[in-house]
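Structure at a glance
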Amino acid sequence: MAVSADHIREKLIKELEAVHVDVEDTSPERCAASFKVLVVSAQFEGKSLLQRHRMVNMCLAEELKAIHAFEQKTLTPEHWDKMKQQDIHISDMQPYFVFRNQ
């Protein structure tokens, strides 16, 4: 399966009803082997960080089989709005979870 940043973005928006999704191909030469994502969804409300990440992993289960490394940040719309008000950029945040497929 060919995985692209656009494919990942569209799937997360559709399946998690995400209101904001950033996807960055972080692999050398942009060869779609490593991705960093930010997902903002109301479906994350009341969920622990682990539950949120499991939701993303389940959504992208097939795609993760073809990806070497996957970093994700999952936020509720409320948390996302607070970050924007405080002018905190997602690149300034530490990664919450990094998946490495060996």
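So, how was this worked out
Residues numbered from 1 in each chain as written. Predicted model: local features only at pLDDT ≥ 70, side-chain atom pairs only at ≥ 80, totals over all residues. Heavy atoms only, no water. Helix = DSSP H or I, 4+ residues; strand = E, 2+ residues; numbered from the N terminus. Buried < 20%, exposed > 50% of the residue type's maximum accessible area, 1.4 Å probe, protein only. Polar contact = N/O pair within 3.5 Å; in protein donor to acceptor, adjacent residues only side chain to side chain. Contact = heavy atoms within 4.5 Å. Core = buried A, V, L, I, M, F, W, Y, C linked by side-chain atoms within 4.5 Å. Salt bridge = Lys/Arg side-chain N within 4 Å of Asp/Glu carboxyl O. Axes fitted to C-alpha atoms, helices over the stretch in contact; angles between N-to-C directions. Left-handed = near helix turned anticlockwise from the far one by under 90°. Nonpolar A, V, L, I, M, F, W, Y, C, P; charged D, E, K, R; others polar.

Quick look at the side chain of serine 34
Take serine 34: it is sitting in strand β2 (residues 34-40). In this structure serine 34 comes out as buried when scored by relative accessible area, which is 15%. In this structure the side chain of serine 34 is engaged in a polar contact, spanning 2.7 Å, whose partner is the side chain of threonine 26. With sequence-adjacent residues up to four places away left out, serine 34 is seen in contact with Glu24, Asp25, Thr26, Ser27, Ile67 and Ala69.

Concerning the nonpolar core
Residues Ile8, Leu12, Phe35, Val39, Val56, Leu60 and Phe70 are the most contacted members of the largest nonpolar core, which totals 19 residues. At the level of secondary structure, the elements contributing two or more residues to this core comprise α1 (5-16), β1 (20-25), β2 and α2 (49-59). Among the elements that make up this core, the one with the highest residue count is α1 (four residues). Apart from residues no more than four positions distant in its own chain, valine 56 is found in contact with Leu12, Leu16, Val39, Phe44, Phe70, Gln72 and Thr74.

Structural notes on the pattern of salt bridges
Counted under the stated rule, the structure contains five salt bridges. In this structure, the salt-bridge partner of glutamate 62 is lysine 65, at a minimum N-O distance of 2.9 Å. Close ionic contact of aspartate 81 with lysine 84 constitutes a salt bridge, the shortest N to O distance being 3.6 Å. Separated by three residues within a single helix, aspartate 81 and lysine 84 lie in helix α4 (residues 77-85), roughly one turn from each other. We classify aspartate 81 as partly exposed; its relative accessible area is 37%.

Comments concerning the packing of α1 against α2
Their axes nearest at 10 Å, the elements α1 and α2 cross at an angle of 115°. Remark: the crossing between α1 and α2 carries right-handed chirality. Residues Lys11, Leu12, Glu15 and Leu16 of α1 touch α2, and the partners they reach there are Met55, Val56 and Cys59. Tallied by class, residues from the contact of α1 with α2 come to five nonpolar, no polar and two charged.

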